[in-house]
Amino acid sequence: MQRWIILGVVAMMLVVGGGGFAYWKHRQNRPYPVWVPMPLNPELSLQQRTDLAKELRQKLASKEILIQMSKDLGLPKKFEMASDEAAADELAKRLFVDAGQTESAQGVVYTLNIGFTGVKKDRPLTEEMSMRILEDVRKILGIRPEKE
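Residues numbered from 1 in each chain as written. Predicted model: local features only at pLDDT ≥ 70, side-chain atom pairs only at ≥ 80, totals over all residues. Heavy atoms only, no water.

### Concerning the nonpolar core
In this structure, Leu60, Leu75, Leu91, Leu112, Ile114 and Met129 are the most contacted members of the largest nonpolar core, which totals 25 residues. Of all elements in the fold, only strand S1 (34-39), helix H2 (46-60), helix H3 (63-73), helix H4 (75-79), helix H5 (84-94), strand S2 (95-104), strand S3 (107-116) and helix H6 (123-141) reach the threshold of two or more residues within this core. (Core = buried A, V, L, I, M, F, W, Y, C linked by side-chain atoms within 4.5 Å. Buried < 20%, exposed > 50% of the residue type's maximum accessible area, 1.4 Å probe, protein only. Helix = DSSP H or I, 4+ residues; strand = E, 2+ residues; numbered from the N terminus.)

Quick look at the structure:
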């Protein structure tokens, strides 16, 4: 009888441990978008903000910008792809530019949310890509880089 009790306890520990691991693994593969909000002029209408987001998305999704970004970050190796062109295609799929808003101490601030989609386990890489795309956004919009 004691053998059956020990066997039952071991089986329960394996089931609970396996279930916990499966839940952790599931959470690591959930969507985890990372974006950088850029404040906009509050006098712009919703249509103007949306048009600006679409226009900026088209410019950022150009092959030249994405291939250069892929070279700068070494993405073919990180994405396990053969070339910078394949990595640029993956970046184009992940890129998003949305017109949104953020709550702050001064009230609602309208923003452009520029970033990439990814999964939680790849968060550091997605953050690196989001920060790198800001260089191109600043060039396109004519914003001078901030001094450290």
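Read on, since the account is not over.
### Section: the side chain of arginine 132
When you line up the elements, arginine 132 lands in helix H6. Arginine 132 gets classed as buried once you look at its relative accessible area, which sits at 9%. Among residues more than four places away in sequence, those in contact with arginine 132 are Gln68, Met69, Asp72 and Leu73. (Contact = heavy atoms within 4.5 Å.)

### What to know about the pairing of S3
Pairing between S1 and S3: six bridges, direction antiparallel. Across the sheet, residue proline 37 finds its bridge partner in S3, namely asparagine 113. Bridging between S2 and S3 involves 10 bridges; their strand directions are antiparallel. If you follow aspartate 98 over to S3, its bridge partner there is asparagine 113. Where S2 folds back on S3, the antiparallel hairpin that results is connected by two residues. (Pairing = 2+ DSSP bridges.)

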